[in-house]
Amino acid sequence: MLKKLEAAFQDVFQTEQQPRTFLSPGRVNLIGEHTDYNGGYVFPCALSVGTYITLVPREDRQIRFYSDNFSELGILETTLDQLEYNKKHDWANYPKGVIYMFREQGHEGEKGFDAYFHGNIPNGAGLSSSASLELAMAIAWDALNGFGMDRVPMVQLCQKAENEYIGVNCGIMDQFAIGMGKQDHAILLDCDSLEYSYAPVKLDGVKLVLANTNKRRGLADSKYNERRSECEAALKDLQKVVSIENLCELTSEQFKEHQQAISDQTAKRRAKHAIDENERTIRAHQKLEDGDVVAFGELMNASHRSLRDDYEVTGEELDALVEAAWQEETVLGARMTGAGFGGCTVNLIKEEGLDEALTRIAATYKKRTGIDTEFYVVDIGEGTREITNQ
Ligand code: GLA
């Protein structure tokens, strides 16, 4: 892969210079959905697929971006003095936003660069290709300039770029999972304190499988922001009766006690999801540590039902795909993953008879929606890093 990328880089930019290459994964969240911006726990892991950036510094302040995923756009050019958002730069606004944020935080680079990007995360599948791209740029920019930024601040910088430069009001989960991922481990992250720990994902005879609804989801134009404000409204009402800063500070028990303080019934259901989901996440982590994959799967199912009924972020396709999986005896758990409204489901499926189970799930899904699905058996990979021999 490395040699191929270097050759492709040299071909596009017509240079013999030896580039450096960095790889940044995608992510899948096992459980803990729509809890991050409510100060709760998430339990994601990094994937082995991701975004590669191959680059060399230049002698001037010019920046040239090329992605073989968007080869029709050719080389997109800017300079270190023109880092403002520019619609014409399309996907390159993501890496530009990262460099912009480095500068905002006092880390100024003097030299531009030529960069070749290649990504193998399925596009629009809700596996965080944008956060992956951001972290790829961040680690490469940090390395070229020797800023020596620690990883957690880098993760936060990328989230800031997404929030303030791209204008998508996401939480910290995606960037954290990608920047901090560890092979064969999931990360239990407290999104309020950013304390985290790694949990080995040992699934004897069971596979982690992603299924793509092939319905594209756009975070910015989805109901994501609406859900955030509904949670904020619920929090405001609750703060009249309890002293909390985030919804997820409450246990489900405490929520029952105080829920009547929330005037809007919809906001009440949204808060219920966030608080229940937070508890499920803590329990699911414990079950995984105990090696109880069956109980873990049941919590995944409960998570989907809550996202469907209380949080209402699933929609026809995600429900169809999850419900098709639930019909299979060898499926221990299935739920939507990520923001919702399309993208992927994540499934725990026994290895024995896996192909047959997948074939039946695909057929049931197609019958109900008319759409073909795709499956990816997950390898849990490392976080963003430089690659030197691959
Ligand atoms: C998206 C956001 C995350 C998180 C999830 C829902 O992936 O980027 O911050 O809120 O949705 O859990």
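Look up a bit, the structure's there.
Residues numbered from 1 in each chain as written. Predicted model: local features only at pLDDT ≥ 70, side-chain atom pairs only at ≥ 80, totals over all residues. Heavy atoms only, no water.

Trainee: Could you give an account of the pairing of strand β3 (residues 44–57), naming the residues involved and the relevant values?
Mentor: Among the 14 residues in β3, eleven count as buried, and that is most of the element. Two strands pair when backbone bridges link them, and strand β1 (residues 20–29) and β3 are joined in this way by nine bridges, in the antiparallel orientation. If you follow F22 over to β3, its bridge partner there is I53. The sheet contact formed by β3 and strand β6 (residues 113–119) spans seven bridges and is antiparallel. Counted as the bridge partner of L55 is A115 from β6. (Buried < 20%, exposed > 50% of the residue type's maximum accessible area, 1.4 Å probe, protein only. Helix = DSSP H or I, 4+ residues; strand = E, 2+ residues; numbered from the N terminus. Pairing = 2+ DSSP bridges.)

Trainee: Help me get a handle on the packing of helix α2 (residues 93–104) against helix α3 (residues 129–145), residues and values and all.
Mentor: One way to put it is that α2 packs onto α3 with a least axis distance of 8 Å and a crossing angle of 45 degrees. Between α2 and α3, the angle falls in the class oblique. When the axes of α2 and α3 are compared, the crossing they make is right-handed. The residues of α3 that touch α2, namely those facing Y94, P95, V98, I99 and F102, are S130, L133, E134, M137, A138, W141 and D142. (Axes fitted to C-alpha atoms, helices over the stretch in contact; angles between N-to-C directions. Parallel < 35°, antiparallel > 145°, perpendicular 65-115°, else oblique. Left-handed = near helix turned anticlockwise from the far one by under 90°. Contact = heavy atoms within 4.5 Å.)

Trainee: Could you give an account of the sheet that holds strand β7 (residues 185–190), naming the residues involved and the relevant values?
Mentor: Taken in spatial order, the three strands line up as β2-β7-β8 in an open sheet, and their pairing is antiparallel. Each of the sheet's edge strands pairs with one partner strand only, and the pair in question is β2 (41–42) and β8 (196–200). Looking at chain direction, β7 and β8 are connected through five bridges and run antiparallel. Looking at the pairing, L189 lines up with Y196 of β8. Helix-sheet contacts for helix α5 (residues 173–180) involve β2, β7 and β8, and the interaxial angle to β7 is about 135 degrees. Across the sheet, helix α8 (residues 265–289) is in contact with β2, β7 and β8; its angle to β8 comes to roughly 45 degrees.

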